[in-house]
Amino acid sequence: MNAREVAGAAARRLEAAGLEDARFEAEVLVREAAGISRAQYFAGAILEGEARTRLEQWLARRERREPLAYLTGWREFYGRRFAVGRGVLVPRPETELLVEEALAELRQLVDACVLEVGTGSGAVAVSVAAEAPAARVVATEISATALRFAALNAAAHAPGVQLVHGNLADPIRTADIVVANLPYIPSGEIDALEPEVSRWEPRVALDGGTDGLQLVQELIDDCAGRLRPRLLALEVGFGQADTVACLGRLAGAEVRVRSDLAGIDRVVCLRWR
């Protein structure tokens, strides 16, 4: 069977497993399994041997709702491929807003230090460093597994990123810009999320405590009392921006909120003078 025929059969399996984007995912899995381009896919490339075996294994895992990015081993973020896998959060498109905020601030500074707290795969820190090679970029992460992925991605795209194993910003003495996509899902809501998240992604990257904002509050307090960055940019969940803005004002910061492409208030920017 050619690639498109195989993808059609794969899509039917994924649809039966309840996946909304079954046809798109089937094409991606077929092309990745065979190592072919989209042009080759539409030109009728044949799938056989190891490619068919690999695809069958991936389909079985995807039917169990393992994230697509864990199967292919990568996710695109800010125009680059980032290695991901079990034990690390899959980067989301809305998190690219943190990169944009950091880069906009860097255009006003010389010899600046950017700190990403809770870097996970390193997507934000590495993207900032790749786009602004003159900046010093540091990233912290509590998960040793996630740090291994971050190291792979830094080596591929921005070898100068300094990766530090530690909790929040505790290991860092100073930073001009701090960005963070911290766990912000309330503990009691995680199990109700889609299976790709609740069953597969690391809980340490999801669980924000009882109200979802435990770690966010800790980082705001640390920035207000110790680090005093020019900018702290925080990604937050649906409906959390007003509360986080209030926390920022109580900590003496000026507040600006930025929405994502879906119109959701997604990033809260705090600035101390």
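Above this text sits the structure in question.
Residues numbered from 1 in each chain as written. Predicted model: local features only at pLDDT ≥ 70, side-chain atom pairs only at ≥ 80, totals over all residues. Heavy atoms only, no water.

## A closer look at the sheet that holds strand β3 (residues 113–117)
Hydrogen bonds along the backbone pair up the strands of a sheet, which may run parallel or antiparallel. Ordered by their spatial adjacency, seven strands build an open sheet running β5-β4-β3-β6-β7-β9-β8, and the pairing between neighbours is mixed. The two strands at the open ends of the sheet, each matched to only one other strand, are β5 (162–165) and β8 (254–259). When the angles between neighbouring strand axes are averaged without regard to direction, this sheet yields 20°. Bridge analysis of β3 against strand β6 (residues 177–180) gives four bridges, and the strand direction is parallel. If you follow E116 over to β6, its bridge partner there is V179. Here helix α7 (residues 123–131) sits on the sheet in contact with β3, β4 (136–141) and β6, set at roughly 175° to β4. Running over the sheet, helix α10 (residues 214–227) touches β3, β6, β7 (231–235) and β9 (265–271) and is turned about 180° from β7. (Pairing = 2+ DSSP bridges. Helix = DSSP H or I, 4+ residues; strand = E, 2+ residues; numbered from the N terminus. Axes fitted to C-alpha atoms, helices over the stretch in contact; angles between N-to-C directions. Contact = heavy atoms within 4.5 Å.)

## Focus on the side chain of E66
Summarising the element assignment, E66 is placed in the loop between α4 (50–63) and α5 (68–72). Relative accessible area serves as the criterion here: at 0%, E66 is assigned to the buried category. Beyond its immediate stretch of four places on either side in the chain, E66 contacts R61, L71, R86 and W200. (Buried < 20%, exposed > 50% of the residue type's maximum accessible area, 1.4 Å probe, protein only.)

## Topic: the packing of helix α1 (residues 3–16) against helix α2 (residues 22–34)
Two elements in contact, α1 and α2, have axes separated by 8 Å at closest approach and are oriented at 130°. Classified by the interaxial angle, the pair formed by α1 and α2 is oblique. The interaxial crossing formed by α1 with α2 has right-handed handedness. Residues A3, V6, A7, A10, A11, L14 and E15 of α1 touch α2, and the partners they reach there are A22, R23, E25, A26, E27, L29 and V30. Looking at side-chain class alone, the contact of α1 with α2 contains ten nonpolar, no polar and four charged residues. (Parallel < 35°, antiparallel > 145°, perpendicular 65-115°, else oblique. Left-handed = near helix turned anticlockwise from the far one by under 90°. Nonpolar A, V, L, I, M, F, W, Y, C, P; charged D, E, K, R; others polar.)

## Looking at the packing of α2 against α4
α4 packs onto α2 with a crossing angle of 140° between their chain directions and a minimal axis gap of 8 Å. Considering the relative orientation of α2 and α4, their crossing is right-handed. On α4, the residues that touch E25, L29, V30, E32, A33 and A34 of α2 are A51, R54, L55, W58, L59 and R62.

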